[in-house]
There are 2 protein chains.
Amino acid sequence: ILLTGGHIVNVFTHEILPLNIAIQNGLIAGIGKSYAAGNTVIDVSGQVILPGLIDAHLHIESTLLIPVEFARAVLCHGTTAVVADPHEIANVLGEEGVSFMLSSTSGLPLDFFFTVPSCVPATDMETAGGEIDAATVERLLQHPRVVGLAEVMNYPGVISGDRTLMQKIAAARNAGKMLDGHAPLLSGLELQAYLSCGISTDHECTTVAEALEKTKGGMNIIIRQGSAAKNLAHLLPAVTKANMHSFMLGSDDKEAAALLSDGHMNAILRQAVALGANPVLAIQMATLNPARHYRLWGRGALVPGYRADLVVVDNLTRFNAALVIKDGQIIVRDGKLEVPLKAPAPGLNYLKTINLTRALQPEDFYVIHGPGPVPVIGIISGQITTEKLFIEPLRTADGEIMADPARDLLKLAVVERHRGSGRIGHGLVRGLGLKSGAIASSVAHDAHNIIVAGVEATVMAAAVNALAEIGGGFVVVDKSGKVCAELPLPVAGIMSLETAGVVAERLEMVTAAARTLGALPEQPFLTLSFLALPVIPHLKLTDRGLVDVDAFCFLS
Amino acid sequence: ILLTGGHIVNVFTHEILPLNIAIQNGLIAGIGKSYAAGNTVIDVSGQVILPGLIDAHLHIESTLLIPVEFARAVLCHGTTAVVADPHEIANVLGEEGVSFMLSSTSGLPLDFFFTVPSCVPATDMETAGGEIDAATVERLLQHPRVVGLAEVMNYPGVISGDRTLMQKIAAARNAGKMLDGHAPLLSGLELQAYLSCGISTDHECTTVAEALEKTKGGMNIIIRQGSAAKNLAHLLPAVTKANMHSFMLGSDDKEAAALLSDGHMNAILRQAVALGANPVLAIQMATLNPARHYRLWGRGALVPGYRADLVVVDNLTRFNAALVIKDGQIIVRDGKLEVPLKAPAPGLNYLKTINLTRALQPEDFYVIHGPGPVPVIGIISGQITTEKLFIEPLRTADGEIMADPARDLLKLAVVERHRGSGRIGHGLVRGLGLKSGAIASSVAHDAHNIIVAGVEATVMAAAVNALAEIGGGFVVVDKSGKVCAELPLPVAGIMSLETAGVVAERLEMVTAAARTLGALPEQPFLTLSFLALPVIPHLKLTDRGLVDVDAFCFLS
């Protein structure tokens, strides 16, 4: 293949030169005007040729797409490699979940690299479906597409030298693979203790000072720009020509709808340039730098001998991808996928992960509580941290606690769904806004039990049962117990089998249905999914009960 | 160990800050004023702490020292890691030679990494002792301290797709290891062809333009500053803050005497700063950059979690090393080695490599040639290229060709010394200057046969026999056949068992003795050793005869 007439971005020299590029045997054979013939000659005049884009850090499950559908969505935006942490599916299915991500990405024209989840289960305050112990970490690290240990969120564990965590870290070091960090606001001596075990990235920085302190310690900073957390504007000022090798770009968590409408890494580049970044420097952070950091050799630059992974974009302002070539094969042309993407259909073990043993009854959601105020989870708009409130609830004569939509107090429950234990944690939540009915989700960080919020116990039971029937997902049930809208996520209860377009559309439908019931948050299911995450302050609910995150203990 | 009062160089941020540095379990535990106690506290006030220095490319054999003596010489200068190409010993002993370099460097407090020689033997115009074929390359690449394939000097072979060479290259790529280049003046399409096989370094650049063209192709440039070739002054102007990650420093070939008097990598840093380089940028090229390029993880920077490999120097002008710590152990203090260095004594197979089967006789150096001019190798002062001359020689009545010191024409012979073949190549040389006697050497690139130049055939035979007796080295024999001076190099006939000090002293003695006989070149044995190298234009002599390098064929 010969591309003629385009401008080629050289991330080594930061030049953008009008040169031809010749491709053979999946590799870049040569660059220059002397290369003038090819079996396939494509005129890309007026356009710019970049190395294939690389996402340095994301969770594919957050898109609600299985990998092949994720690939279908992002290849059209020029992404040719990702480094993904399969933390969510690992919480449902353990090693089997990671194996699914590996096997279902083999042979796709997008390089899926993975890190092994380091903190599954996240805590012992909840019941996860899977566990990734040190021996499993060691085993998974052997896979050639596993590039390291995933974000070590348990930084207190690192600092205190937690034995199991140290075994996982040692396994990664012994395998010669990378250790990813997750250390929001960690600083000073604690940061140094964290670094001293060899952790070398962080994607939780929110300020220039934090990023610079971490680069000083040798860390490579992944500037995160996802659907929820957006750090690009705050961190770009930290990047200079002298330290640019210490920065990468990553999406972390991105919704299917945004992938379609906005783009993937090309959207981050577009935003970076709009914020004033040098375009080639931004491109380097989404190509060469992640390739070097994660040792994805032969990727991240357009020079002879490197893989022919490239994207042709309209210009360095919009970054709209027209042509994408992966390993020398034309994958996307005129913005359209040119090749069929095939992945094995998920086996039944991945599709039958809602294990309740019996249909739930309204009685399962009856809660008796002595007199006086009870703990209530207070949603803070736009954040995943919550308030720890104590409010006098509405009670029946015999002491049963009731929802009270007038004061925006809803019943909340987390139903253990992995082991058929029948365990249910109960609480109250304020800020969801439902006036009647219930919403339920089997996406509930990190253990992904079923979380349900509603006004009536009968409807909550109906919602959970409806979820069980479709193998997991999001459902909205009205006060009659009828399902108004649902987004099935049958793969591990957290991913759809549909395309990004269908997922985006159905997510809009369930969101609209929830809003009809009165839901207040912009993304009610996203808000709901974080109410179960007991590592984020201040009050959360798991299947084992209400967790006071500050004290790290159960209430009641 | 706690170092207090020093200024620490941070190669990530290019800061030089007055901070303490704490070391535990061989690693850097933390940096900062908060670290205030240690079992061993060393005050390094007024001094500067750098990461341990790394030589990105050298041939240890060129120092004439065995690795343990090399380590003894360079540790005192702050070198804590080297990437060495054992090309010379491989030409003598093949895989066994490389194994010697690996086994004799195990456990030393200096990290010896090796590349597998790619071009042994260099040509089929000479008889080498060893061969490194593709299967051997593949086998040696498995060793954890082997980081790649050594400089691929046969660039025409790469460009033409030479089958055996491609197998060696594929072996390195499959092993996920680096490919070093050697491509003086290669440019344009030929350079791209060379790069397209994955070769990623070059240490033969001599101009800014050449270096920049190569970095544009993704190459990392090793700026070479050795005893013979010195490229630092010419290449430093190519290095900028934007491309500094593409440059490393290496010594390539350095003499023992220079290591002692001048230093090793610290000498290159001193020269770089004297030439106007930013000191931290220079340091980065001798620490972080080679560590990253050769994947020597955990090395090349002073940050928590990295190996405690460091050197304390007086300042960033002189770079005199006072204290050297390797893997958290104090190795050098007050400039003196503090620990014993131990390596196994070389086995007899390494010490008995001169295989002549019989003592040589004067008749072995008689050459009859028909009438008319004969080819003569013309030495060019200060260069390793030679002139191809045709001169009417002095002849005896029966046609035997004689030396003619009056016209500076000496007899030259290369005696095959590996296989006992008895093969001797004959020629004449101009420019050595001997008035009588002979000098002989078993260091003769690349096959390391015995090369001898002299006036009288009797003395040439005596010189070769004297060399055989000491197992190889350099000898000077006067016209009576008496050995005036010798430098034994019994290890493979190319390395001494003595310290750098003894080697430097004896090299000076043999040089002085050769000069007494009339030798003209500044380093007569270095000049002699290159007269047998048939890959350097224009006329050379091997055991198989005179090689016209331009035509790549034998004259006779």
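Structural data are supplied above this passage.
As the structure is a computational prediction, the values presented were derived from the model and not from experiment.

1. Things to note about the overall build of chain A
Helices and strands together make up the secondary structure of chain A, namely 17 helices and 32 strands. Here the C-alpha radius of gyration of chain A, 24 Å, is about what a compact globule of 556 residues would show, namely 24 Å. Along the first, second and third principal axes, the C-alpha set of chain A runs to 90 × 50 × 40 Å. Counting every atom, chain A has about 19000 Å² of accessible surface; 54% of that belongs to carbon and sulfur.

2. What to know about unusual backbone geometry
Note: most residues except glycine have negative phi, and most peptide bonds are trans. The omega angle of the peptide bond from H445(A) to D446(A) is -15°, so this bond is cis rather than trans. Of note, D446(A) is situated in the loop between strand 26 (438-441) and strand 27 (450-454). One non-glycine residue with positive phi stands out, namely D408(A), at about 55°. Of note in the backbone geometry, L64(B) takes a positive phi value of approximately 70° without being a glycine. In this fold, L64(B) is placed in the loop between strand 8 (53-58) and helix 1 (67-75).

3. Some thoughts on the relation of the copies chain A and chain B
Superposition record for chain A on chain B: RMSD 0.0 Å, screw rotation 180°, translation along axis 0.1 Å. Each copy turns onto its partner about a two-fold axis. In this assembly the copies share their binding face: 100% of the residues contributing to the interface of chain A also contribute to that of chain B.

4. Points about the sheet that holds strand 17 (residues 321-326) of chain A
All names here are of chain A. Taken together, seven strands build an open sheet; the order of strands is 3-2-7-16-17-18-19 and the sheet is mixed. The open sheet has two edge strands, strand 3 (15-18) and strand 19 (336-337), and neither has a second partner. Summarising the sheet, strand 18 (residues 329-333) and strand 19 pair through two bridges and their orientation is antiparallel. When the sheet's bridge partners are listed, V332 is paired in strand 19 with L337.

5. So, helix 15 (residues 457-469) of chain B
Residues and elements named next belong to chain B. Taking 1.5 Å per residue as the helical rise, helix 15 with its 13 residues ought to reach 18 Å, and the 18 Å between its terminal C-alpha atoms agrees with that figure. Those residues of helix 15 that fall on the buried side of the exposure criterion are A457, V459, M460, A461, A463, V464, A466 and L467. Packed against the buried residues of helix 15 are strand 24 (409-415), strand 26 (438-441), strand 27 (450-454), strand 28 (473-477) and strand 29 (483-488).

6. A closer look at the interface of chain A and chain B
On the chain B side, the residues contacting the 33 residues of chain A number 33 residues. Across the chain A to chain B interface the summed buried area is about 2700 Å²; carbon plus sulfur atoms make up 52%. Residue K216(B) is joined to E15(A) by a salt bridge in which the shortest nitrogen-to-oxygen separation is 3.7 Å. For the pair chain A and chain B, the number of links is six residue pairs in polar contact (both at pLDDT 80 or more). In terms of residues, the side of chain A that touches chain B owes the most to one element, strand 5 (residues 27-31) of chain A, which gives five residues. When the residues that make up the side of chain A that touches chain B are grouped by side-chain class, the tally is 14 nonpolar, 13 polar and six charged.

7. Quick notes on the pairing of strand 11 (residues 146-152) of chain B
All names here are of chain B. For strand 11, a buried count of seven out of seven residues is recorded, marking the element as mostly surrounded by other parts of the structure. Where strand 10 (residues 111-116) meets strand 11, three bridges bridge the pair, whose relative direction is parallel. Bridging from a neighbouring strand, F114 pairs with V146 of strand 11. Crossover handedness for the path strand 10 to helix 4 (residues 134-140) to strand 11: right-handed. Taken together, the three bridges between strand 11 and strand 12 (residues 178-181) define a ladder with parallel strand orientation. Within strand 12, the residue paired with L149 across the bridge is L179.

8. Digging into the sheet that holds strand 9 (residues 79-84) of chain A
Residue and element names in this part refer to chain A. Judged by pairing direction, the sheet is parallel, and its five strands sit side by side in the order 8-9-10-11-12 without closing on themselves. Strand pairing shows two members of the sheet lacking a second neighbour, strand 8 (53-58) and strand 12 (178-181), which therefore form its edges. Neighbouring strand axes in the sheet, compared pairwise and without regard to direction, differ in orientation by 25° on average.

9. Considering the pairing of strand 31 (residues 545-548) of chain A
All names here are of chain A. Relative to strand 31, strand 30 (residues 539-542) is paired through four bridges, and the arrangement is antiparallel. In the strand pairing of strand 31, L539 is matched with D548. Between the end of strand 30 and the start of strand 31, which pair antiparallel, lie two residues. The antiparallel hairpin formed by strand 31 and strand 32 (residues 553-554) contains four residues in its connecting segment, where F552 sits at a positive phi of about 50°.

10. Focus: the side chain of D408(B)
All names here are of chain B. Secondary-structure assignment places D408 in the loop between strand 23 (401-402) and strand 24. Nearest to the buried, unbridged D408 among oppositely charged side chains is R430, at 6.0 Å. With residues up to four places along the chain from it excluded, the contact list for D408 reads V429, R430, G431, L432, G433, L434 and L520.

11. Here's the deal with the environment of L497(B)
All names here are of chain B. Within the secondary structure, L497 sits in the loop between strand 29 and helix 16 (500-516). The sequence separation of L497 and D180 amounts to 317 residues, and the corresponding C-alpha distance is 29 Å. When neighbours within four sequence positions are excluded, L497 is seen to be in contact with I66, E69, P346, L351, P490 and V491.

Conventions we followed
- Residues numbered from 1 in each chain as written.
- Chains lettered and ligands numbered in written order.
- Predicted model: local features only at pLDDT ≥ 70, side-chain atom pairs only at ≥ 80, totals over all residues.
- Heavy atoms only, no water.
- Helix = DSSP H or I, 4+ residues; strand = E, 2+ residues; numbered from the N terminus.
- Rg over C-alpha atoms; globule rule 2.2 N^0.38 Å.
- Areas by Shrake-Rupley, 256 points an atom, 1.4 Å probe, with all protein chains shown as cover.
- Least-squares fit on C-alpha atoms with pLDDT ≥ 70 in both.
- Contact = heavy atoms within 4.5 Å.
- Pairing = 2+ DSSP bridges.
- Expected span 1.5 Å × (residues − 1).
- Buried < 20%, exposed > 50% of the residue type's maximum accessible area, 1.4 Å probe, protein only.
- Buried area = accessible area lost by both parts, 1.4 Å probe.
- Salt bridge = Lys/Arg side-chain N within 4 Å of Asp/Glu carboxyl O.
- Polar contact = N/O pair within 3.5 Å; in protein donor to acceptor, adjacent residues only side chain to side chain.
- Nonpolar A, V, L, I, M, F, W, Y, C, P; charged D, E, K, R; others polar.
- Right-handed = clockwise from strand over helix to strand, strands pointing away.
- Axes fitted to C-alpha atoms, helices over the stretch in contact; angles between N-to-C directions.
- Lys, Arg positive; Asp, Glu negative; His and termini not counted.

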